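Structure assessment
What follows is the residue order along each chain.
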Number of protein chains: 2
Amino acid sequence: MSTRRPDHVHIREVGPRDGFQNEPERIATDDKIRLINALGRAGFKRIEVASFVRPDVIPQLSDGVQVLDRVDVPDDVSLMVLVPNSKGLDNALKMRHRFHEVAVFVSASETHNKKNVNRTVDETMADNDVMVGRIKAEGLNCAAVIATSFGCPYEGRIDLKRVLDLAERFAEAGATEVGFGDTTGIANPAYAGEFFTAALERLPGVEVTAHFHNTRGQGLANAFAALEAGCASFESSFGELGGCPVPAGSTGNIATEDLVSMFHEMGVATGLSLPAIIEAAREAQSVLGRTLTSHSIIAGPVTWPSSIA
Amino acid sequence: MSTRRPDHVHIREVGPRDGFQNEPERIATDDKIRLINALGRAGFKRIEVASFVRPDVIPQLSDGVQVLDRVDVPDDVSLMVLVPNSKGLDNALKMRHRFHEVAVFVSASETHNKKNVNRTVDETMADNDVMVGRIKAEGLNCAAVIATSFGCPYEGRIDLKRVLDLAERFAEAGATEVGFGDTTGIANPAYAGEFFTAALERLPGVEVTAHFHNTRGQGLANAFAALEAGCASFESSFGELGGCPVPAGSTGNIATEDLVSMFHEMGVATGLSLPAIIEAAREAQSVLGRTLTSHSIIAGPVTWPSSIA
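Here's what I pulled together on the structure shown here. (Residues numbered from 1 in each chain as written. Chains lettered and ligands numbered in written order. Predicted model: local features only at pLDDT ≥ 70, side-chain atom pairs only at ≥ 80, totals over all residues. Heavy atoms only, no water.)

A separate point is the interface of chain A and chain B. Taken together, the contacts link 43 residues of chain A with 43 residues of chain B. Roughly 3200 Å² of surface becomes buried between chain A and chain B when both sides are summed, with 65% attributable to carbon and sulfur atoms. Summed over the three residues of chain A that lose the most area to chain B, namely Arg216, His295 and Trp304 of chain A, the buried surface amounts to 22% of that side. Applying the counting rule to chain A against chain B returns 0 salt bridges. If you look at where chain A meets chain B, you find 12 residue pairs in polar contact (both at pLDDT 80 or more). Elements supplying a minimum of two residues to the side of chain A that touches chain B: helix 8 (189–202), helix 9 (219–228), helix 10 (256–266) and helix 12 (296–299) of chain A. In terms of residues, the side of chain A that touches chain B owes the most to one element, helix 10 of chain A, which gives 5 residues. (Contact = heavy atoms within 4.5 Å. Buried area = accessible area lost by both parts, 1.4 Å probe. Salt bridge = Lys/Arg side-chain N within 4 Å of Asp/Glu carboxyl O. Polar contact = N/O pair within 3.5 Å; in protein donor to acceptor, adjacent residues only side chain to side chain. Helix = DSSP H or I, 4+ residues; strand = E, 2+ residues; numbered from the N terminus.)

Below, the structure is given as structure tokens:
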């Protein structure tokens, strides 16, 4: 048994942003709010709910202001918004009273960054340095996200040192959390274990977050490897919603309900209600009108005799 | 990095038996043969192709004789048949020249065994002792399977010692391989790691095989944990076909293509062609006329720049 395995973890639900963003059909604002409220009832203390990107780029998320304004979750739930640049941060800050964390991001892969936000990594990081400072000055938490941390189809494996240098730069600017994203589902558990061992060693005092996709079914194996390396912070998406706009075929994030099932069965506490998450995912399924790819949504939680009344 | 991680593994494809068995609509014998032949071309050296159970119990597998007779795979492919009892073994042995391995089984859970084959574990094992001897005397390999090794919904966790005692009894009778089945998808990677560490220690000289289901999305995490414990033999089902008749909702085995993708990305050799497995799984999808739940079937293999021509 791993001595570095944490006995409890934090899970941020990112479906309402990272998941919904990839849905081709517009989801009604009322439906989004109902689903976010259901997630709040499931016990999440961190939910990513909106993105302040240009509405013509991602029309699906153009109702961020309304979502933030009307969402109704317990007071201790920390809502996160994602901003791609200073303009996005300006817009987000108009709703300053309605959220608690801001995510900024860059791709470790130069090519992926260019395709995703049409800027070089240096240009993005220069803007990020300023944004992180502003976010901190506002008294908000800043969670930096490094996309393609485990490699990308255009450039292959990204040098680990390069990824951790970016992480350290974010931390020096004032980010309290750095999330490492497996944007195109290219990580494997052997590398994930090595990666998080190195990241946790290199970033003392920073919350190190694992953000895996389940593109090739290995997402939970990667999450387990990260956990064994000592990682105690994860992001996932209810119903296995999500993916990445580029390249095509980059399917969903890891399913929150499958991740929570795995952790609970291992005796790792999450503070979450698995049945309530499954209920929210089933509601998402009916809102979206298609079968989602999460497994627990079909099987339900593991039933042990003691849990059968 | 784990020092016990093998650098190559054996994977038995069990879709043509364990997978097809769970399909409600009858699959044409010609389609089965075409799919098995495709699996042979993908490089599998072990394929479970038939079961000699009563045709009224599992009509889907009543064409075992025809499948064995007409399947066309390379000479070095070891075909396996599963037999539930001595009667089944009698029937199987009529096709003795067409297969190389026989699987016999028992459930570690008394209740599951009763529900599955309507006999006590003792009754099943008494018959198994005789069958293993006969199989060995025929010059065939005998692979014993212990279902519900990691627990079952009726009895909960099954004492590890009880499971390994059954395994040792099989080995003493002459089984060269013991497979531990997570029949209802109840295992977690922490327990899987402990389990295979103990099993490998207890069963020197016996091939120890991991047979996981992906009922709650954790199947590959369990396989990774078993690998890290030193397990070098796995069973999986192309297209994520499979499950278990009891209880309801016990969905598919782990998907071979996702398992192979994970191993190859980790640098663990399988001797298999991932693109050819995905092709076979896509063919199964079109034969079955429904979307299968494997992930690599959608995403394809990981593309690294070096693999892009």
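If you look at the biggest cluster of nonpolar residues, it comprises 196 residues, and the most contacted ones within it are Phe180, Phe196 and Phe234 of chain A together with Phe180, Phe196 and Phe234 of chain B. No other element matches the 8 residues that helix 11 (residues 274–288) of chain A contributes to this core. Counting residues in hydrophobic clusters, the runner-up holds 6 residues, among them Ala103, Phe105, Ala143 and Val145 of chain A. (Core = buried A, V, L, I, M, F, W, Y, C linked by side-chain atoms within 4.5 Å. Buried < 20%, exposed > 50% of the residue type's maximum accessible area, 1.4 Å probe, protein only.)

All names here are of chain A. Along helix 10, 10 of the 11 residues are buried, which leaves the element largely enclosed by surrounding structure. Along helix 10, the positions that sit buried rather than exposed are Thr256, Glu257, Asp258, Leu259, Val260, Ser261, Met262, Phe263, Glu265 and Met266. Two residues or fewer after helix 10 comes Gly267, characterised by a positive phi angle close to 85°.

Here we take up the relation of the copies chain A and chain B. Mapping chain A onto chain B leaves a residual RMSD of 0.0 Å; the transformation is a rotation of 180° accompanied by 0.0 Å of translation along its axis. The superposition of one copy onto the other is thereby described by a two-fold rotation axis. The position closest to the rotation axis in chain A is occupied by the C-alpha of Ala221 of chain A, lying 1.9 Å away. A shared interface surface links the copies, since 100% of the contact residues of chain A are contact residues in chain B too. (Least-squares fit on C-alpha atoms with pLDDT ≥ 70 in both.)

By the element assignment, Ser296 of chain A lies in helix 12. Leave out the neighbours within four places in its chain, and Ser296 of chain A touches Glu257, Asp258, Ser261, Ile278 and Arg282 of chain A together with Thr215 and Arg216 of chain B.

A word on the pairing of strand 5 (residues 141–147) of chain A. All names here are of chain A. When you tally the buried positions in strand 5, you get 6 out of 7 residues, the bulk of the element. Relative to strand 5, strand 4 (residues 101–107) is paired through 7 bridges, and the arrangement is parallel. Bridge pairing in strand 5 links Glu101 to Asn141. Sheet analysis places strand 5 next to strand 6 (residues 177–181), joined by 4 bridges and oriented parallel. If you follow Val145 over to strand 6, its bridge partner there is Gly179. In this fold, the crossover linking strand 5 to strand 6 by way of helix 7 (residues 160–173) has right-handed handedness. (Pairing = 2+ DSSP bridges. Right-handed = clockwise from strand over helix to strand, strands pointing away.)

Moving on to the packing of helix 6 (residues 121–137) of chain B against helix 7 (residues 160–173) of chain B. Residue and element names in this part refer to chain B. The contact between helix 6 and helix 7 brings their axes to 8 Å, and the two run at 30°. Relative to helix 7, the element helix 6 is oriented roughly parallel. Considering how the two elements wind past one another, helix 6 and helix 7 form a crossing that is right-handed. Contact residues: Val121, Met125, Ala126, Asn128, Asp129, Val132, Gly133 and Lys136 in helix 6; Arg162, Leu166, Arg169, Phe170 and Ala173 in helix 7. Here the residues of the contact of helix 6 with helix 7 sort into 7 nonpolar, 2 polar and 4 charged. (Axes fitted to C-alpha atoms, helices over the stretch in contact; angles between N-to-C directions. Parallel < 35°, antiparallel > 145°, perpendicular 65-115°, else oblique. Left-handed = near helix turned anticlockwise from the far one by under 90°. Nonpolar A, V, L, I, M, F, W, Y, C, P; charged D, E, K, R; others polar.)

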